[in-house]
Amino acid sequence: MTISVDHAIDRALAAAGPAGQQEHSGNTRATDAQAKALLSLMADLPAGPDRDRVRARFIELYIPLAEYLARRFRNRGEHFDDLVQVANLGLIKSVDGYDPARGAAFTSYAIPMIVGELKRHFRDKGWDVRVPRRLQELRLEISKVSGDLAQDLGRSPTVADLAARLNVSEEEIIEGLDCGQAYRALSLDAPAGDNADSSAAGLGDLLGGEDPDMQNVENREALRPLLAKLPEREQKIIAMRFHGNLTQSQIAAELGISQMHVSRLLAGALRTLRTELSAITD
């Protein structure tokens, strides 16, 4: 049966004529004739290995068309081999979903299917950082109207111009413009600047660390009302000790009291502040 099926495939293709230059999207009539011959042969075969062989030959017939469509999307940041795989997947879906009873040529059904599969790949898989679909579509709309607006206005369109043309808010336009930066992300190990020297500092080396003063902002703000509750003399002692950087002996001389007294007052004030601050944070 395998030999007879192969002969039937060869006879069907020979009767339809030589394949056209479908990879150039110009002459597809001969290929469509071959497709009709194979479809007719598939219709006469029950499900099974023989029908699968005809289906495989049918797919093989249109692989150049899939590669041609994939080539239209090259140089957009994706590897061409990956695009060919996506286009071939769209071709297989086209073969399985095509209904010859509708009377349309196979290419009329397959080309939109394959192109749609390629566009979905860019939409769902091409972004390094996933952004909402509406922003992806808005970004494309912005790209389409920017050129026309620049020609009409005689200048680069502003955010307000784009928002008015697309009937969206200025905030949405800004989001659409910003999301373009999410398509490709740089590694933190990438060299900083244009110098590709491996010894150059990487982007990760330029990242800042935690600022201790920023960590203490919350504590300082929480202490402010607690300090105001202390007696005036304790407030003055704390200010002289921690802001004036005076020693306890200098504070004692300034206030006219003993150093031991200053030590007790300072320790008591700090203990009170520590207890109240702990109660707040807990």
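This text gives an overview of the structure that appears in the document. (Residues numbered from 1 in each chain as written. Predicted model: local features only at pLDDT ≥ 70, side-chain atom pairs only at ≥ 80, totals over all residues. Heavy atoms only, no water.)

Another aspect to go through is the packing of aromatic side chains. Considering all chains together, one arrives at five aromatic pairs under this definition. Aromatic side chains Phe 58 and Phe 106 sit 4.9 Å apart centroid to centroid with 80° between the ring planes, which places their arrangement in the edge-to-face category. Of this pair, Phe 58 sits in helix α3 (residues 49-61) while Phe 106 sits in helix α6 (residues 106-124), and the two are 48 residues apart along the sequence. An identical accessibility class is assigned to Phe 58 and Phe 106; each is buried. Ring centres 5.9 Å apart and planes at 45° place the aromatic pair Tyr 98 and Tyr 109 in the tilted group. Placement of the pair is Tyr 98 in the loop between α5 (80-97) and α6 and Tyr 109 in helix α6, with a sequence separation of 11 residues. (Phe/Tyr/Trp six-rings, centres within 6.5 Å; stacked < 30°, edge-to-face > 60°. Helix = DSSP H or I, 4+ residues; strand = E, 2+ residues; numbered from the N terminus. Buried < 20%, exposed > 50% of the residue type's maximum accessible area, 1.4 Å probe, protein only.)

Let us look at unusual backbone geometry. For Asn 167, which is not glycine, the phi dihedral falls at a positive 60°. By the secondary structure assignment, Asn 167 is in the loop between α8 (159-166) and α9 (170-178). For Asn 167, a relative accessible area of 71% gives the class exposed.

Its location among the elements puts Glu 137 in helix α7 (residues 133-153). Accessibility expressed as a relative area gives 39% for Glu 137, which makes it partly exposed. In this structure, the C-alpha to C-alpha distance between Glu 137 and Gly 176, residues 39 residues apart in sequence, is 8.5 Å.

All right, on to the pattern of salt bridges then. Using the criterion set out here, one finds eight salt bridges in the structure. With its nearest N and O atoms 2.7 Å apart, the salt bridge here joins Arg 120 to Glu 117. With Arg 120 and Glu 117 both in helix α6, this residue pair falls three residues apart, about one helical turn. For Arg 120, a relative accessible area of 34% puts it in the partly exposed group. Among the residues examined, Glu 117 registers a relative accessible area of 9% and is labelled buried. Note that Glu 221 is salt-bridged to Arg 224, the shortest N-O span being 3.2 Å. A residue pair is termed a helical-turn pair when its members lie 3 or 4 positions apart in one helix, as Glu 221 and Arg 224 do in helix α11 (residues 217-229) at three residues. (Salt bridge = Lys/Arg side-chain N within 4 Å of Asp/Glu carboxyl O.)

One finds Phe 58, Tyr 62, Leu 91, Phe 106, Ile 114 and Leu 118 to be the most contacted residues of the largest nonpolar core, which totals 29 residues. Put simply, the parts of the chain that give this core at least two residues each are α2 (29-44), α3, α4 (63-71), α5 and α6. Each residue touching Leu 91, except ones within four places of it in the same chain, is listed here: Ile 59, Tyr 62, Ile 63, Ala 66, Phe 106 and Ile 114. With 14 residues, the next largest nonpolar core counts Ile 238, Ile 251, Ala 269 and Leu 273 among its residues. (Core = buried A, V, L, I, M, F, W, Y, C linked by side-chain atoms within 4.5 Å. Contact = heavy atoms within 4.5 Å.)

This part covers the packing of α3 against α5. When two helices pack together, their arrangement is given by the angle between the helix axes and by the axis-to-axis distance. Packing of α3 against α5 brings their axes to within 10 Å, and their N-to-C directions diverge by 130°. Accordingly, the angle class assigned to the pair α3 and α5 is oblique. Crossing hand, α3 versus α5: right-handed. Where α3 abuts α5, its residues Arg 55, Phe 58 and Ile 59 lie against Leu 91, Ile 92, Val 95 and Asp 96. (Axes fitted to C-alpha atoms, helices over the stretch in contact; angles between N-to-C directions. Parallel < 35°, antiparallel > 145°, perpendicular 65-115°, else oblique. Left-handed = near helix turned anticlockwise from the far one by under 90°.)

Three- or four-residue spacings in an α-helix give side chains the same orientation, since the helix completes a turn every 3.6 residues. Taking 1.5 Å of rise per residue, the 13 residues of α3 would be expected to cover 18 Å, and the 18 Å separating its terminal C-alpha atoms lies within 8% of that figure. Of all the residues in α3, the buried ones are Asp 50, Val 54, Phe 58, Ile 59 and Leu 61. (Expected span 1.5 Å × (residues − 1).)

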